[in-house]
Every structure is written in structure tokens, then in C-alpha cells.
2 protein chains.
Amino acid sequence: MIVAMSRYDPSAFPPFAVTVDLVVLTVRDHSLCALLVRRGEPPYQGYWALPGGFVRPDEGLAEAASRELAEETGLRAHSAPGHEAVGPGAAGAHLEQLATYGHPQRDPRMRVVSVAYLVLAPDLPTPRAGGDASSARWAPVSELLGESPADGVPLAFDHGLILADGVERARSKIEYSSLATAFCPPEFTVGELRRVYEAVWGVALDPRNFHRKVTGTPGFLLPSGGTTTRQGGRPAQLFTAGGATVLNPPMLRPDS
Amino acid sequence: MIVAMSRYDPSAFPPFAVTVDLVVLTVRDHSLCALLVRRGEPPYQGYWALPGGFVRPDEGLAEAASRELAEETGLRAHSAPGHEAVGPGAAGAHLEQLATYGHPQRDPRMRVVSVAYLVLAPDLPTPRAGGDASSARWAPVSELLGESPADGVPLAFDHGLILADGVERARSKIEYSSLATAFCPPEFTVGELRRVYEAVWGVALDPRNFHRKVTGTPGFLLPSGGTTTRQGGRPAQLFTAGGATVLNPPMLRPDS
DNA sequence: TGTGCTTATCGTCAGAGAGACGACTATGAT
DNA sequence: ATCATAGTCGTCTCTCTGACGATAAGCACA
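Residues numbered from 1 in each chain as written. Chains lettered and ligands numbered in written order. Predicted model: local features only at pLDDT ≥ 70, side-chain atom pairs only at ≥ 80, totals over all residues. Heavy atoms only, no water.

Looking up chain A in an unreviewed UniProt entry gives the name NUDIX hydrolase, with the organism given as Kitasatospora aureofaciens. Here chain A is described in UniProt, under the heading Sequence similarities (unreviewed entry), as follows: "Belongs to the Nudix hydrolase family." (UniProt positions renumbered as here; feature names shortened; annotations may be inferred.)

Dropping the structure here:
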């Protein structure tokens, strides 16, 4: 048992390992998917897990998250405006801190505190496996969170819990912010944006009311001038994300 | 320079110190106040800082936050329903994880990652100083965040940033949850609850519309039967917090 | 024993926004 | 040419909010 010790005593403190774990979400053909890597070594060998890794001695937490993301997906992320921001990269995904997990027994080998980050990205090609992960894949979150009748194999460590928190954060945050555009390519149509909301929330939205809402919210969407028919049907106007970050009034999620 | 190392390599990992810091907020005569302790030793000797301390090897993060809170204020907190919950205590304050701060140079002596927790408590007697803090006090956040013309002495470490994040979280969270009741004693009147909103947001609210809103939201308030005149004027009905945690539709903050 | 001050509570009205849904437009497929 | 598909514009109704009048029920003091 440790007796009470001085705050920040530099000579004696219990050492912890600190890692970052990434909840990387994207929308692939009408469903919300998370990036998973397969563990190639014990513990939880062969299980699927969230990508992540150790924080290095000289890097910040967001910096570590951003580095791991680049290593595993090639994505460059821009942090939400705030602390520990990393310079905006080329093909930008949204990155924000999610929460920190530190149960004493969450890793059977040693005391590990993991800072989870949430990444929202547009649809990407199938990920390349990197590092010590023997493979990587996009998995629909509905199969992972027990929302479908037979939920799949559980994730390694407490990653199922972390994933659930990340999904919940994404679901609530697109309600009152313009974050849903992070799931879209640089130019997108109102219909594509609507399908993002539908995939993340798992509901159907009225196309007419949705159109009125998003085009009527100042600063949410900027017309880019062009049109496209890539979804079939009548050509749709293309937009880019506007400067607004907070939606007031929010998008309302049905029933909830 | 560290070369790429295996994920969770148990034999070689950079050691970090992990601490918890507490943003303890309360409402004292019409203003939102934060609990500060004075540092008795370097670095930042003599500066005001957030209460906090090391996480012990065998305790969880929320557990450490709860323990530090009890040590410094005597408060027992119940965590929000969720992970790492601690058993509900007697005189309950709300406790939830805020964010984690890990700039490599945030502590001049060593690499410290600090997990910040947000505590919302009803008005308390002047705090007793505990541990190695030579004194403690409630400070109005408006004096600390540069919202008033002359902001006071800056806080130790990055605690000014952490405090700002905590205040922002509290301000936004009372909008869409029933969390404002955490600032109230077990029984309270609609007027007392309104003064909580006014203090936290720094605005004046219309008493009639506020009354209609909170009494019309199912599950927010439960009439306890009694009345009180402790605020002067006509006796007001007493309520306790209802079971609802999410307000739908939310309380609307003026202008913002 | 009023008179005034304070706070609580109820009501009314106009305007903004959401949900439901009809109608029309502009493409590609057959 | 016709149909299927998706996009876009309008309308109607209902709910909720903000502004604000009116009344109720205590206390302080003359």
C-alpha cells in the first residue's frame, strides 16, 4: 500500500505506460464503419483491436494520435481548433480527443493508461495493414456494438467500450455541429450529406426537410458552383463545408 | 530518438507520471466559482492551482479523482453512470471525466499526463485546506478567465486552460441535460435553479418562461410537497431532481 | 393594519422552426 | 416515349420560445 505522497513529487512516482487508441469512423455504403486491426501477438492474439500505440517521450498526445493515424492509414488529420493542435494536413480528417481509460487491469501485463482519440474521415480505400498488425479492415459498427442480433467477436482489451463511446460521441456531435461534413469528400451534395446522417444515426430522414434545414442554416454549406449526377437522378448542386462549426438550432435526431 | 517500437511491448516503454486534476465548480452568491489550492512548493510556488495528485498504482482514474476530492473537500461524488464508476456517496456531487492534458513540457520536472475531472457541487462551506496545500479558496471564474477587465494571477501549469475547458463543458452541458441540479441542494425551488443557470451562463433569464420550461419538461423536476420562503417573497414550491438526464428539447442559452 | 417590495406562478399572443407531404424538375435507363 | 431516380421548392399545421401582462403570497416597516 502506498502512503499519501506529495503532489508532483519528482523523486518518487508510480510509472505508467501511456498509449493512444484511435476510433476511426467512416461511412461506407450506407453504414457507419470503424477501422480495426488484427493483433498479431498476445495478449488477445488474433482479436481485432483499435489502432494505436505508445506515446513517445517527446511528443504530445494529439501528436501521437496523428502519427499513429498516418502510420496506419496514410491519413493526415487536422485537430479540432484547440490544445495540442497539429498542423492541418493535406487530405484532412477530423481528429479530437475522446476520453481516457485507465482501469488498473485493462492490460494484463502492466499499468497502461490509454488516451482515446476520435477520427472522422471520408470514405477511404481498404486500409493497408501497417506496423505489427497482420491485417486491417473496416467493420460496420452495428456488427460490433450488439445492435444487430448476433454481435461479432468482442474486441481486445476494453476497445469495445472505447468504440461505443466514440460512436456515441459522433452520433451526438453531428447533431449540433457541422462535423458530418468530415465524413464527406471536399465537394458533396445535400443528398450525400443526408446519407451520412442516415448512416450514423441509423434512421431515414425526409429529403425535403433535410434540404431545407441544411441550406437554410447560414455558414453550414457553401455552393461550389458545380453539379453532379454521380448519385443518379437529377443533377445535384455541389457544396463545400462552410465556416460554421456550431449549428444553431441543431439538427434534430428523430424520436430520441 | 526512439525507433518504432512494438505496440504494448511490455519490456520497454517510456514511463510517464499520471495525475488527476479537478475542476470543482459551485455557485456562490450569483457567480460560478472554482476551487483552487495554493502551491506550497516549487515549481509555481505560491501560485494557485487546481486540486489534484498522483494516481496510485492500484486505483482507477475516476477512483483517484474521487479520492482527491474527498481529501481536499470532504465531498463524496457519484460519477455519471458509466465506466469506472465509484459507488454513490452520501452528500453527492457530480463527477465526470473532462479531458487529458499531456504536453511534453507542461511540468518542468518530468513527463506528466494529467487526466482532468469536472466536479459540480452545491454551495459548500469555505474549504478546508488539505494535504500539502497551504490554503484553499473559492474563486469566481470570471476573475480567472479574463472575462472581467483585469484578470487575476495566472494559474500554475496549464491549469488555466483546464479550468477554461471545464467551465465551457459545464456551460454547454446544462443546456441539454439536467446537470444544473447538481449545483443545488437536495431540495430546491425553481427560482434557485434559475439562479444557477444565470450564474453559470452569466445572463438573466425570464422567470416566467423559465418556470414554464422546467416544470413542463417531464422528468426534470419532482415536486417534493413542501414550500419555502428562504429566498423572500411568495413561498415557492420545493422540488427534487427527477430521473431525466437528457433535456429534449434543450434549455436555450440566449443569443449564443 | 395597511403599503410597498419581493419573489412565485399563471396566461396570452406573435413568430420561428419542425414534421408531414404534395408538386415539379432534370437526369439516365429501357 | 416512358419510367425510375434523385433533387428542389412550397404549403400547412403544430409545438415551442420569447416578450410581457396579471395575479398571488409572503416579509419589512410605518
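With that out of the way, let us pick up the protein's contact with DNA strand C. The local shell around DNA strand C holds 22 residues, among which Arg208, Asn209, Lys213 and Arg234 of chain A together with Arg208 of chain B are the closest. Side-chain polar atom of Arg212 of chain A to a base nitrogen of DNA strand C: 2.9 Å apart, as the coordinates give it. At 3.1 Å, a side-chain N or O of Arg234 of chain B approaches a base nitrogen of DNA strand C. Of all the secondary structure elements, the ones that give two or more residues to the surface near DNA strand C are helix H5 (207-216) of chain A together with helix H4 (190-201), helix H5 (207-216) and strand E10 (236-241) of chain B. (Near = heavy atom within 4 Å. Polar contact = N/O pair within 3.5 Å; in protein donor to acceptor, adjacent residues only side chain to side chain. Helix = DSSP H or I, 4+ residues; strand = E, 2+ residues; numbered from the N terminus.)

Summed over all chains, the structure comprises 28 salt bridges over all chains. Ionic pairing is found between Arg67 of chain A and Glu71 of chain A, a salt bridge with its closest N-O pair at 3.1 Å. In this pair, Arg67 of chain A and Glu71 of chain A both sit in helix H1 (residues 61-73), 4 residues apart, roughly one turn of the helix. Arg67 of chain A gets classed as buried once you look at its relative accessible area, which sits at 16%. Between Arg28 of chain B and Asp123 of chain B there is a salt bridge, with its nearest N and O atoms 3.0 Å apart. Of this pair, Arg28 of chain B sits in strand E1 (residues 17-28) while Asp123 of chain B sits in the loop between strand E7 (112-120) and strand E8 (136-140), placing them 95 residues apart in sequence. Residue Asp123 of chain B is classed as partly exposed on the basis of its relative accessible area of 44%. Overlapping salt bridges, with partners in common, bring together Arg56, Glu59, Arg67, Glu68 and Glu71 of chain A in one network. (Salt bridge = Lys/Arg side-chain N within 4 Å of Asp/Glu carboxyl O. Buried < 20%, exposed > 50% of the residue type's maximum accessible area, 1.4 Å probe, protein only.)

The next point concerns the side chain of Gln97 of chain A. Along the chain, Gln97 of chain A turns up in strand E6 (residues 92-101). There is a polar contact of 3.4 Å between the side chain of Gln97 of chain A and the side chain of Tyr117 of chain A. Residues in contact with Gln97 of chain A, not counting those within four places in the same chain, are Leu61, Val115, Ala116, Tyr117 and Arg169 of chain A together with Ala99 and Thr100 of chain B. (Contact = heavy atoms within 4.5 Å.)

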